[in-house]
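Spelled out from the first residue to the last, the chains are:
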Amino acid sequence: DLARVSRAVDPEFQLAAITKAVQKAGEQAVLFESVQGSVFAVASNLYGSHDRLRQMIGAGSQTFCQRWNTLTDAAAIARPEDCLVAASGPDEFVTGALSDLPAITYHGRDGGPYFTSAIYLANEPDTGVPNLSFHRSQQISDTELRVRLGSSHDLAGYQRKAEAQGKPLEAALLLSCPPEIFLGACASLPYEASELNMAAQIRGEAIAMRPCKTIDLQVPALVDIVVEGRFLPNVRRPEGPFGEFMGSYVEVGDNHVFEVSHVEYRRGAVFHALLCGSPEDLRPLEAVTAAR
């Protein structure tokens, strides 16, 4: 199930082109063992196989949709506090910078490198319920990302609530997540439910959480790369263009600014790169939509 690329690849266009070629040939995931400008290996197309998706959620003899609907029903009624547990053991993380991570540019007209598998964790400002959601994030500097939130997303609503009070919204960007976190973030749950509930249902046990260093949030302990920071209130800056999953470019627009306060990762972590519009992007989306 895994193709390996041992020679060094350029993160600007070449990595994405090879990923696309691997996907065209089949459903293998691909591991880039050496990426120019970074010590991180990079994996892609992890979620590009329907069979792998079924295995990840423990479908067994069920279809993906049957199993997914059972999990979402359980997640919708679960109490967030029952799905989380404090992590135990030593802190394995080292402090770094955004520039340590692979700076991957996927398409010819993209405005620069992007985090495409970016999952943001933030708490609902009034209830404190944690939320997971995907948002493309343009890498500007070691201290700044520019993020497309999308007005209909729960995170955008959280940001509007904080902004109305003139406050920043604290959030953590989760990269290189275990499958239950990635797929949990794909779930469509009621506003008052947490996607971490879904992750716990997929994993079959409570999600171990650990505290952040610079913000008042807990993050899943098994996530390998965590970027801490806050969305600035009443600040918008140009972001884009970007080749989105629909198969066309989203042109430059003023979008949210995420101020980075801390970056940490496990030594030897593998960075997850997702090619937008590819089978890895569309298969989970199609499967989850069909389940609804």
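For the structure, check the block above.
Let me begin by describing the structure that accompanies this report. (Residues numbered from 1 in each chain as written. Predicted model: local features only at pLDDT ≥ 70, side-chain atom pairs only at ≥ 80, totals over all residues. Heavy atoms only, no water.)

## Let's talk about unusual backbone geometry
With omega at -5°, the peptide bond leading from glycine 240 into proline 241 counts as cis. Its location among the elements puts proline 241 in the loop between strand 14 (225-239) and strand 15 (242-243). For phenylalanine 13, which is not a glycine, the phi torsion comes out positive at approximately 75°. Locating phenylalanine 13 in the fold gives a position in the loop between strand 1 (2-5) and helix 1 (14-25). Positive phi outside glycine occurs at asparagine 45, with the angle close to 60°. Tracing the sequence through the fold places asparagine 45 in the loop between strand 3 (41-44) and helix 2 (50-56). Assessed through its relative accessible area of 1%, asparagine 45 is described here as buried. (Helix = DSSP H or I, 4+ residues; strand = E, 2+ residues; numbered from the N terminus. Buried < 20%, exposed > 50% of the residue type's maximum accessible area, 1.4 Å probe, protein only.)

## Observations regarding the packing of helix 5 (residues 179-186) against helix 6 (residues 195-203)
In contact at an axis separation of 8 Å, helix 5 and helix 6 are set at 135° when each is read in the N-to-C sense. By the angle class used here, helix 5 and helix 6 are oblique. As for the relative orientation of helix 5 and helix 6, their crossing is right-handed in sense. For the pair helix 5 and helix 6, contact is made by Glu180, Ile181, Leu183, Gly184 and Ala185 and by Glu195, Leu196, Met198, Ala199, Ile202 and Arg203, respectively. Here the residues of the contact of helix 5 with helix 6 are counted per class, giving 7 nonpolar, 1 polar and 3 charged. (Axes fitted to C-alpha atoms, helices over the stretch in contact; angles between N-to-C directions. Parallel < 35°, antiparallel > 145°, perpendicular 65-115°, else oblique. Left-handed = near helix turned anticlockwise from the far one by under 90°. Contact = heavy atoms within 4.5 Å. Nonpolar A, V, L, I, M, F, W, Y, C, P; charged D, E, K, R; others polar.)

## Considerations on the layout of surface pockets
Where empty space is left can be seen by rolling a probe of water-molecule size over the atoms. Taken as a whole, the largest pocket spans an internal volume of roughly 990 Å³. The wall of the largest pocket is formed by 35 residues, among which Phe134, His135, His153, Phe245 and Leu285 lie closest to the centre. Contributions of two or more residues to the lining of the largest pocket are made by strand 8 (130-134), helix 4 (154-164), helix 5 and helix 7 (279-291). For the lining of the largest pocket, the element with the most residues is helix 7, which contributes 6 residues. The residue makeup of the lining of the largest pocket, split by class, is 18 nonpolar, 9 polar and 8 charged. (1 Å grid on protein atoms, 1.4 Å probe; cavity = no way out; pocket = protein on both sides within 12 Å on 5 of 7 lines; lining within 4 Å. Points joined across faces, edges and corners; volume = space filled by probe spheres on them.)

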